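# Descriptive analysis of the structure
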Amino acid sequence: MELTNKNVFVTGSSRGIGLAIAHKFASLGANVVLNGRGQLGQDLLDSFSSYGVKVVAISGDISSSADAKRMVAEAVEALGSVDILVNNAGITKDGMTLRMTEEDFESVLSVNLTGTFNMTQAVLKPMTKAREGAIINLSSVVGLTGNAGQANYAASKAGVIGFTKSIAREVASRNVRVNAIAPGFIQSDMTDVLSDKIKDAMLGQIPMKRFGLTEEVADVAVFLAKQEYLTGQVIAIDGGLTMQ
């Protein structure tokens, strides 16, 4: 898919991986919909001004089906279509299962998995009608391996993988491609505040001995959007952490 003048909706794109993905697509000539639960500031929009593309901010809660439909409708009204959807928004509420509340389990699944379903369902009708589209879902390496203290998060991200493969089978004949990215340890606000001891322990698990960069995840998202014959796949960008 040629990205110039395509319209990309990136959920959870006010910071971190989502913001890096939005910037990468914009730098390649795509129009971008920025999204977050709260109001998105003008300074965020201004950071895209040098690209010469359209940038739209649409706030809403992806865990709400009604909100998801509204946001996609607003994006279509503003830009004419949603050609690429990046389901990036997600939350964590970590804790050992014995002490995890039902609310902590359900809320993580509601955003990470149900939110991915809501947004995907909202874009599928116009994409299949246009017979072109790309959906990129953010999973995680813990969806492949599990992780102590993250049963809710791992379950949600494993669910994203199964969801990705199922939807890919459903819409492949309409030229809509659905793939997933499974990031490992990515340098971010969350890793910056960790102690050197914890960072060293994490780095010890990574064959490449460094954290990934948000820009590197963004590069994978662009690759998946552009590849016309790639669907139903999960790309782990993790420095070799999950290699078999």
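Not measured: the values here are computed from a predicted model. (Residues numbered from 1 in each chain as written. Predicted model: local features only at pLDDT ≥ 70, side-chain atom pairs only at ≥ 80, totals over all residues. Heavy atoms only, no water.)

### Remarks on the overall build of the protein chain
Formally: Put simply, DSSP H or I for four residues or longer makes a helix, DSSP E for two residues or longer makes a strand, and each gets a number counted from the N terminus. In this description the radius of gyration comes from C-alpha coordinates, and the expected globular size is given by 2.2 Å times residues to the power 0.38. For every residue, the accessible area obtained with a 1.4 Å probe (protein chains only) is divided by the maximum for its type, and the residue is called buried under 20%, exposed over 50%, and partly exposed between those limits. Residue contacts follow a heavy-atom distance rule, with two residues in contact if any of their heavy atoms lie within 4.5 Å.
A tally of helices and strands in the protein chain yields 9 helices and 7 strands. Since a compact globule built from 244 residues should have a radius of gyration of about 18 Å, the 17 Å found for the protein chain is in line with a globular shape. With respect to the principal axes defined by its C-alpha atoms, the protein chain has extents near 50 × 35 × 35 Å. Relative to its 244 residues, the protein chain shows a buried fraction of 48%. Summarising the internal contacts of the protein chain: among those between residues at least 6 apart in sequence, 70% fall at separations of at least 24.

### Concerning the packing of helix H1 (residues 16-27) against helix H9 (residues 214-226)
Using the following cut-off: For helices, the fitted line uses only the C-alpha atoms of the stretch in contact; every axis is such a line through C-alpha atoms, and the angle between N-to-C directions lies from 0 to 180 degrees. Between 65 and 115 degrees an angle is taken as roughly perpendicular, under 35 as roughly parallel, over 145 as roughly antiparallel, and anywhere else as oblique. Each helix crossing is assigned a hand: it is left-handed if the near helix lies turned anticlockwise from the far helix by less than a right angle, otherwise right-handed if that turn is clockwise. Ten residue types, Ala, Val, Leu, Ile, Met, Phe, Trp, Tyr, Cys and Pro, are classed as nonpolar, four, Asp, Glu, Lys and Arg, as charged, and the remainder, Gly among them, as polar.
Running from N to C, H1 and H9 point in directions that differ by 55 degrees, and their axes come no closer than 8 Å. Between H1 and H9, the interaxial angle falls into the category oblique. As H1 runs across H9, the sense of the crossing is right-handed. Contact residues: Gly 16, Ile 17, Ala 20, Ile 21, Lys 24 and Phe 25 in H1; Thr 214, Glu 215, Val 217, Ala 218, Asp 219, Ala 221, Val 222 and Ala 225 in H9. Of the residues belonging to the contact of H1 with H9, the class tally is 9 nonpolar, 2 polar and 3 charged.

### Let's talk about H1
One turn of the α-helix equals 3.6 residues, which is why residues spaced by three or four share an orientation. Operational definition: A helix is expected to span 1.5 Å multiplied by its residue count minus one.
Taking 1.5 Å per residue, 12 residues should reach 16 Å; H1 reaches 17 Å between its end C-alpha atoms and fits that length. Counted residue by residue, H1 has 9 buried out of 12 residues, so it is predominantly covered. Taken together, the buried positions of H1 are Ile 17, Gly 18, Leu 19, Ala 20, Ile 21, Ala 22, His 23, Phe 25 and Ala 26. Just beyond H1, the residue with positive phi is Gly 29, at close to 95 degrees.

### A look at the UniProt feature "binding site: NADP(+)" (unreviewed entry) in the protein chain
For clarity, the cut-off: UniProt positions are given in the numbering used here, feature names are shortened, and annotations may be inferred rather than shown by experiment. We call two N or O atoms a polar contact when they sit within 3.5 Å, provided that within protein one can donate a hydrogen and the other can accept it, with sequence-adjacent residues counted only if both atoms are side-chain atoms.
As annotated in UniProt, the feature "binding site: NADP(+)" (unreviewed entry) corresponds to Gly 12, Ser 13, Ser 14, Arg 15, Asn 88, Tyr 153, Ala 154, Ala 155, Ser 156, Lys 157 and Ile 186 in the numbering used here. Spanning 175 residues, the annotated positions stay apart in the fold, the maximum distance between their C-alpha atoms being 24.7 Å. With respect to the helices and strands, Tyr 153 occurs in helix H6 (residues 151-171). Under the relative-accessibility criterion, Tyr 153 is labelled buried at 15%. In contact with Tyr 153, not counting residues within four places along its chain, are Ile 91, Thr 92, Val 108, Asn 112, Ser 140 and Val 142. Apart from the residues within four sequence positions on either side, Ser 156 is in contact with Val 108, Leu 109, Asn 112 and Leu 113. At 2.7 Å, the side chain of Ser 156 and the backbone oxygen of Tyr 153 are in polar contact.

### Some thoughts on the nonpolar core
Here is the rule: We define the nonpolar core as a collection of buried residues of types Ala, Val, Leu, Ile, Met, Phe, Trp, Tyr and Cys that are connected through side-chain atoms lying within 4.5 Å of one another.
Residues Ile 21, Phe 25, Ile 84, Val 86, Ile 136 and Ile 181 are the most contacted members of the largest nonpolar core, which totals 34 residues. Breaking this core down by element, the ones donating at least two residues are strand E1 (7-10), H1, strand E2 (31-36), strand E4 (84-87), strand E5 (133-138) and H9. If sequence neighbours within four positions are ignored, Phe 25 has contacts with Leu 3, Val 8, Ala 30, Val 32, Ile 84, Val 86, Ala 221, Val 222 and Ala 225. Of all hydrophobic cores here, the second largest spans 26 residues; its members include Ile 58, Ala 68, Leu 79 and Phe 163.

### Remarks on the UniProt feature "domain: Ketoreductase" (unreviewed entry) in the protein chain
When the UniProt feature table is mapped onto this chain, "domain: Ketoreductase" (unreviewed entry) is found at residues 6-189. With 47% helix and 18% strand, residues 6-189 has end C-alpha atoms that lie 30 Å from one another.

### Structural notes on the pairing of E1
This is how it is decided: Note on handedness: a crossover is taken as right-handed if, strands pointing away from the viewer, the path from the first strand over the helix to the second is clockwise. One bridge is not enough; two strands pair if DSSP finds at least two bridges between them.
Burial along E1 is two-sided: the residues Asn 7 and Phe 9 and Val 8 and Val 10 are all buried. The parallel pair E1 and E2 is bridged by H1, and the resulting crossover is right-handed. With 3 bridges connecting them, E1 and E4 associate as parallel partners. Looking at E4, one finds that Val 10 is bridged to Val 86.

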